[in-house]
Amino acid sequence: MKLEPNQIASHNERLLSKHQQRLTFASQEVHNSDHILQQLSDFQIGIPSWALGTGGTRFGRFSLGGEPGNIEEKLEDIGLLHQLNASSAAVSLHIPWDTTTDVPAIKTLATQYGLHFDAMNSNTFQDQRDQQHSYKFGSLQHVNKEVRKQAITHNIEVIRQGVELGSKALTIWLADGSCFPGQLNFRKAFENTLESLQEIYTALPADWKVFVEYKAFEPNFYSTTVGDWGQSLLYANKLGPKAFTLVDLGHHLPNANIEQIVSLLLMEGKLGGFHFNDSKYGDDDLTAGCMKPYQLFLIFNELVEGMDQRGMNHKDDLAWMIDASHNVKDPLEDLLQSVEAIMIAYAQALSVDRIALVQAQQENDVVRCQEILQQAFRTDVRPLVAEARLRAGAALSPIALYRESEVRKELIRNRGNQTIATGL
């Protein structure tokens, strides 16, 4: 469904007076509020097609109804999110879940919603009905060359589809690894994977990037072939200038210093982008910022500092995407919450007094360094985030308007109560 402009205008009018009071106070607290507002207005976050339906655990999946059953309905849902927050203009598709036979129609539909296509995602962690060889024991790493060739061919097909849609990047996440000691030869698995990635890399158009994602655990219990950022960086360096590391916030061992990893990858020019989520124990795929908001801020603090040092464009030079699973929430509400948390962390990082921080670092004033960062983190920048939405014609309170408009009930009426989104 699509909201009428008067619905958004009426919603904003009711909240405007209180918003303006809060905005006045926030603008007085933050010295560079005009700059922050401009950066927030430009910033866009990719919505993954697989996150628009209910997720699940190994034990169950509980659909709430009205879920999108095809790519057209997925674009409709993302278009609605973008209407509500003006920060969700990018779509990250997953193949074969989102393969379309009518590319022109899909591109036209995306344009109508104000959307464009971000990184494409391949799938060699599931067996599809019509595939010849199984990925049970790996894909790009597999001991059988025919299995590797099948996985390579799939990734090249994803690139082809992405070119037609106007995407400029391929994300590769591998479930490859081993469950028991001795199951595979680590060195040979690495070499097989590198050889496979090199074939895929050769198929990249000149203006494309490939993101090599990593994960320290799961679905294999003993080893994963791209287990950490160091292994991903090895692949990226060996592949060439179009290859980068992609950081998923949930793909690290407990208490990993993700902000330091981000800083070093950025320094090396090998940070490709993010899959934002949050976790308590492992790869919990929770709403961004719901568990560790300070860590999310610290990550953005390194991003803002590092990107500015390199003269990078905040909006375009990295891929910003969400990757989450919505097991008990309405997926659209969860995505609205994640986008809001990301925008808040970004605004907080933009508000850091960098001159004062550098001086305190040079003087080894540890207390002052901490105070500068925590001042930015503890400052309520939500009115700035809301003002950026208001200026873009979106809702001052996206979730409130979503609920007032009874979006989920309307989706259930249109799509049915038993629908399950394509994907996991």
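Reading the values: rules and limits
Residues numbered from 1 in each chain as written. Predicted model: local features only at pLDDT ≥ 70, side-chain atom pairs only at ≥ 80, totals over all residues. Heavy atoms only, no water. Helix = DSSP H or I, 4+ residues; strand = E, 2+ residues; numbered from the N terminus. Rg over C-alpha atoms; globule rule 2.2 N^0.38 Å. Buried < 20%, exposed > 50% of the residue type's maximum accessible area, 1.4 Å probe, protein only. Areas by Shrake-Rupley, 256 points an atom, 1.4 Å probe, with all protein chains shown as cover. Core = buried A, V, L, I, M, F, W, Y, C linked by side-chain atoms within 4.5 Å. Contact = heavy atoms within 4.5 Å. 1 Å grid on protein atoms, 1.4 Å probe; cavity = no way out; pocket = protein on both sides within 12 Å on 5 of 7 lines; lining within 4 Å. Points joined across faces, edges and corners; volume = space filled by probe spheres on them. Axes fitted to C-alpha atoms, helices over the stretch in contact; angles between N-to-C directions. Parallel < 35°, antiparallel > 145°, perpendicular 65-115°, else oblique. Left-handed = near helix turned anticlockwise from the far one by under 90°. Nonpolar A, V, L, I, M, F, W, Y, C, P; charged D, E, K, R; others polar. Arc of directions from axis to C-beta. Polar contact = N/O pair within 3.5 Å; in protein donor to acceptor, adjacent residues only side chain to side chain.

Under the annotation held in an unreviewed UniProt entry, the chain carries the name L-rhamnose isomerase / sugar isomerase and is attributed to Pedobacter steynii.

K.L.:
What's the story with the overall build of the chain in this structure? I'm lost.
P.N.:
Along the backbone of the chain there are 15 helices and eleven strands. Taken over the C-alpha trace, the chain has a radius of gyration of 22 Å; the compact-globule value for 424 residues is 22 Å, and the two agree within 12%. Each principal axis of the C-alpha distribution contributes one length, and for the chain these read about 65 × 60 × 40 Å. When each of the 424 residues of the chain is scored for burial, the buried share is 56%. Taken as a whole, the chain presents about 19300 Å² of accessible surface, with 51% of it coming from carbon and sulfur.

K.L.:
In this structure, what is going on with unusual backbone geometry? I would like to understand it.
P.N.:
With the exception of glycine, the majority of residues adopt a negative phi angle, and the majority of peptide bonds are in the trans configuration. Put simply, Ile-95 and Pro-96 share a cis peptide bond, and its omega is 20 degrees. Looking at the secondary structure, you find Pro-96 in the loop between strand E2 (90-92) and helix H4 (103-112). We note that Glu-218 has phi near 60 degrees; this positive angle belongs to a residue other than glycine. By the element assignment, Glu-218 lies in the loop between strand E7 (209-213) and strand E8 (223-224). On the basis of relative accessibility, which here comes to 41%, the residue Glu-218 falls in the partly exposed class. If you check the backbone angles, Asp-285 has positive phi at about 55 degrees while not being a glycine. Here Asp-285 lies in the loop between strand E10 (271-276) and helix H9 (293-309).

K.L.:
Even after reading the chapter, I still don't get the nonpolar core, so can you show me in this structure?
P.N.:
Note that soluble globular proteins tend to have their nonpolar side chains buried in a common cluster. Within the largest apolar cluster, 112 residues are counted, with the highest numbers of intra-cluster contacts made by Leu-75, Phe-274 and Phe-300. Considering every element that reaches this core, the biggest residue donor is helix H10 (residues 331-350), with 13 residues. If we skip the residues at most four places from it in the chain, Phe-274 touches Leu-246, Val-247, Leu-249, Val-262, Ile-299, Leu-303, Ala-319, Trp-320 and Met-321. Ala-119, Phe-211, Ala-319 and Met-321 belong to the second-largest nonpolar core, a separate cluster that totals seven residues.

K.L.:
Would you take a moment to explain empty space enclosed by the protein for this structure?
P.N.:
Empty pockets left among the atoms are what a rolling probe the size of a water molecule brings to light. Scanning the entire structure with this criterion turns up one cavity of 30 Å³ or more. Considering only enclosed or pocket space, the largest cavity measures out at about 60 Å³ in volume. Lining the largest cavity, in full, are Leu-40, Ser-41, Phe-43, Asn-85, Ala-86, Ser-87, Met-343, Val-385, Ala-388, Arg-389 and Ala-392. Elements supplying a minimum of two residues to the lining of the largest cavity: helix H2 (33-42) and helix H13 (382-391). The element that contributes the greatest number of residues to the lining of the largest cavity is H13, accounting for three residues.

K.L.:
Could you clarify how one ought to interpret the packing of helix H3 (residues 71-85) against helix H15 (residues 407-415) in this entry?
P.N.:
Axis angle and axis distance: for two packed helices, these are the angle between their axes and the distance between the axes, and together they describe the pair. The contact between H3 and H15 brings their axes to 13 Å, and the two run at 165 degrees. It follows from the interaxial angle that H3 and H15 lie roughly antiparallel. At the point where H3 passes H15, the crossing takes the right-handed sense. Seen from H3, the contacting residues are Glu-73, Glu-76, Asp-77 and Leu-80; seen from H15, they are Val-407, Leu-411 and Arg-415. Partitioned by chemical class, the residues of the contact of H3 with H15 number three nonpolar, no polar and four charged.

K.L.:
Just checking my understanding: could you explain H2 for this structure?
P.N.:
Note on helix geometry: an α-helix contains 3.6 residues per turn, so any two residues three or four positions apart are oriented the same way. Those residues of H2 that fall on the buried side of the exposure criterion are Ser-33, Ile-36, Leu-37, Gln-39 and Leu-40. Along the axis of H2, the buried positions cluster into a sector of 165 degrees, meaning they face one direction only. Against helix H1 (5-29), H10 and H13 lie the buried residues of H2.

K.L.:
Looking at this structure, how should I read the side chain of Gln-348?
P.N.:
Relative to the helices and strands, Gln-348 is located in helix H10. Apart from the residues within four sequence positions on either side, Gln-348 is in contact with Phe-297, Ala-376, Phe-377, Thr-379 and Val-381.

K.L.:
Would you take a moment to explain the environment of Asp-330 for this structure?
P.N.:
Mapping Asp-330 onto the fold places it in the loop between strand E11 (319-322) and H10. Classification of Asp-330 as buried rests on a relative accessible area of 10%. The sequence separation of Asp-330 and Gly-65 amounts to 265 residues, and the corresponding C-alpha distance is 9.5 Å. Not counting residues up to four positions away in its chain, the partners in contact with Asp-330 are Leu-64, Tyr-402 and Arg-408. Side-chain polar atoms of Asp-330 contact the backbone nitrogen of Leu-332, separated by 2.9 Å.

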